[in-house]
Amino acid sequence: MKNFLTLSVTTYLFGITLWVLWYFVDQNVPFLMGEGSWYYLPHAARVLCVVYFGYKAIPALYLAELSGPYLLVPGLYPFSSYLPSFISVISVPLAIQVLRLLSFPLGDTASSPLNKRNYKHIYLITFISAGFNAILVNLYLSRNELNFPGLITNIEQLSRFFVGDIIGTVLVFVSLSYILKPIIAQSRN
Amino acid sequence: MKEFYKNIGDALSMLDGLEKDLNIRHFTPNELKVFYTIIIQSHKTNKGSNITEIVENSGMSRSTVYKTLKKLSSEDIISLSPSDRDGRESLVLLNSRI
């Protein structure tokens, strides 16, 4: 229970921090203003938390997904984001399950087909989950004739979601490896 | 709690690998000079270079070159093997990922 609480708080704080950072950049940084879906940083929280904390991280991730548009910036989206947010969170476990069914289960040793200590394997999960997220969220929006303000739900938006999730995750990973350099060096020794 | 720290440790290991491949670990200017000399020598000879050649071409002292080679070897950037011509001399080889 204590472990669940710790990982939930960590997941929520990580998720909401990335969302706030992403929203701030999207709203305030020249040249990047309004282009947020090309570098969606919060996808990194979905990937990292589900990969390292397991499915127990899903409730906190979902709460973090909803906190942005409902608590911090109410009315950001002109439609209910309960289901799209849930689909986005579920895209990572879905990717892991699909890989497991294809005989690539996720483990933490060098002999595991997918090793959570190898960043290339984590990028593979990122890539597949970004695909699921882009397809399923846009399918939901399109079937229900929903759009983001000033945008059309079409193949261009789907591609933007896919690329944006990957770019955002890579940016977060690279930034973390710079920021956490002293801690990483300490853990290495 | 133990499990939580283990998970964080796994995440740090993953970032460690990324840091290693991005080559963002710290190298001093002298270490970089030795490293670039190894690359140039390897390109010229198409095989490994010996330590004497690296000392001569880098302009660094033998002890600096030795220290740098030790560091590069521990980072898995180069490997050292005995020279065919002179068993006392080590041959410096760039690892394939470079």
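Residues numbered from 1 in each chain as written. Chains lettered and ligands numbered in written order. Predicted model: local features only at pLDDT ≥ 70, side-chain atom pairs only at ≥ 80, totals over all residues.

Trainee: Outline the overall build of chain A, listing residues and values.
Mentor: From N to C terminus, chain A includes 7 helices and 2 strands. Shown N-terminal to C-terminal, the secondary structure of chain A runs as helices and strands in the order α-α-α-α-β-β-α-α-α. A globule of 189 residues ought to have a C-alpha radius of gyration of about 16 Å, and chain A, at 17 Å, matches this closely. Oriented by its inertia axes, the alpha-carbon framework of chain A measures out at about 50 × 35 × 35 Å. Residues classed as buried in chain A amount to 39% of the 189 residues present. The long-range share in chain A, meaning contacts at least 24 apart out of those at least 6 apart in sequence, stands at 68%. (Helix = DSSP H or I, 4+ residues; strand = E, 2+ residues; numbered from the N terminus. Rg over C-alpha atoms; globule rule 2.2 N^0.38 Å. Buried ≥ 20, exposed ≤ 12 C-beta atoms within 10 Å, placed from the backbone. Contact = placed C-beta atoms within 7 Å.)

Trainee: Which residues make up the environment of B:Leu69, and what values go with them?
Mentor: Tracing the backbone through its elements, the reader meets B:Leu69 in helix H4 (residues 62–74). Ignoring anything within four residues of it in the chain, the contact list for B:Leu69 reads B:Ile78, B:Leu80 and B:Val92.

Trainee: Now, about the sheet that holds strand E1 (residues 49–50) of chain B: what can you tell me, with residues and values included?
Mentor: Residue and element names in this part refer to chain B. The strand order across the open sheet formed by 3 strands is E1-E3-E2, and the pairing between neighbours is antiparallel. A strand with exactly one partner marks an edge of an open sheet, and here the two such strands are E1 and strand E2 (78–82). Where E2 and strand E3 (residues 90–94) come together, 5 bridges link them in antiparallel fashion. From the neighbouring strand, Ile78 faces E3, where its bridge partner is Leu94. (Pairing = 2+ DSSP bridges.)

Trainee: Any details on the pairing of E3(B)? Residues and values, ideally.
Mentor: Pairing geometry for E1(B) and E3(B), over 2 bridges, is antiparallel. Across the sheet, residue B:Ser49 finds its bridge partner in E3(B), namely B:Val92.

Trainee: Before we move on, could you go through the nonpolar core and cite the residues and values that matter?
Mentor: If you look at the biggest cluster of nonpolar residues, it comprises 44 residues, and the most contacted ones within it are A:Cys49 and A:Leu61. Among the secondary structure elements, those contributing two or more residues to this core are helix H1 (2–28), helix H2 (42–53), helix H3 (58–72), helix H4 (82–101), helix H5 (119–143) and helix H6 (155–179) of chain A together with helix H1 (2–22) of chain B. Per-element tally for this core: the top contributor is H2(A), with 9 residues. For A:Leu61, the contacting residues outside a window of four places in its chain are A:Thr11, A:Gly15, A:Ala45, A:Arg46, A:Cys49 and A:Val89. (Core = buried A, V, L, I, M, F, W, Y, C linked by C-beta atoms within 7 Å.)

Trainee: Break down the environment of A:Val47 for me, with residues and values.
Mentor: Along the chain, A:Val47 turns up in helix H2. Residues A:Val47 and A:Val92, 45 residues apart in the sequence, show an inter-C-alpha distance of 6.0 Å.

Trainee: Run through the confidence of the model for chain B, naming residues and quoting values.
Mentor: Here chain B averages 79 in pLDDT, and 88% of its residues register 70 or above. Listed scores for the predicted complex are pTM 0.73 and ipTM 0.82. (pLDDT = per-residue confidence, 0-100.)

Trainee: Describe unusual backbone geometry, naming the residues involved and giving the relevant values.
Mentor: All names here are of chain A. Not every positive phi belongs to a glycine, and Ser103 is a case in point at roughly 70°. Residue class for Ser103 comes out exposed when judged on the 7 C-beta atoms lying within 10 Å of it. We note that Glu145 has phi near 50°; this positive angle belongs to a residue other than glycine. Structurally, the position occupied by Glu145 is in the loop between H5 and H6.

Trainee: Any chance you could break down H4(B) for me, citing the residues and the numbers?
Mentor: All names here are of chain B. Taking 1.5 Å of rise per residue, the 13 residues of H4 would be expected to cover 18 Å, and the 18 Å separating its terminal C-alpha atoms lies within 8% of that figure. Looking only at H4, the buried set comprises Val65, Thr68, Leu69 and Leu72. Buried residues of H4, viewed axially, fall in a sector of 105°; they line one side. H4 presents Ser63, Lys70 and Ser74 as exposed residues on the side facing more than 90 degrees away from its buried surface. Buried residues belonging to H4 abut helix H2 (29–45), helix H3 (51–58), E2 and E3. (Expected span 1.5 Å × (residues − 1). Arc of directions from axis to C-beta.)

Trainee: Run through the environment of B:Lys47, naming residues and quoting values.
Mentor: Residue and element names in this part refer to chain B. Relative to the assigned elements, Lys47 resides in the loop between H2 and E1. Residue classification places Lys47 among the exposed residues on the basis of 10 C-beta atoms within 10 Å. Placed 43 residues apart in sequence, Lys47 and Ser90 show a C-alpha to C-alpha distance of 13 Å.

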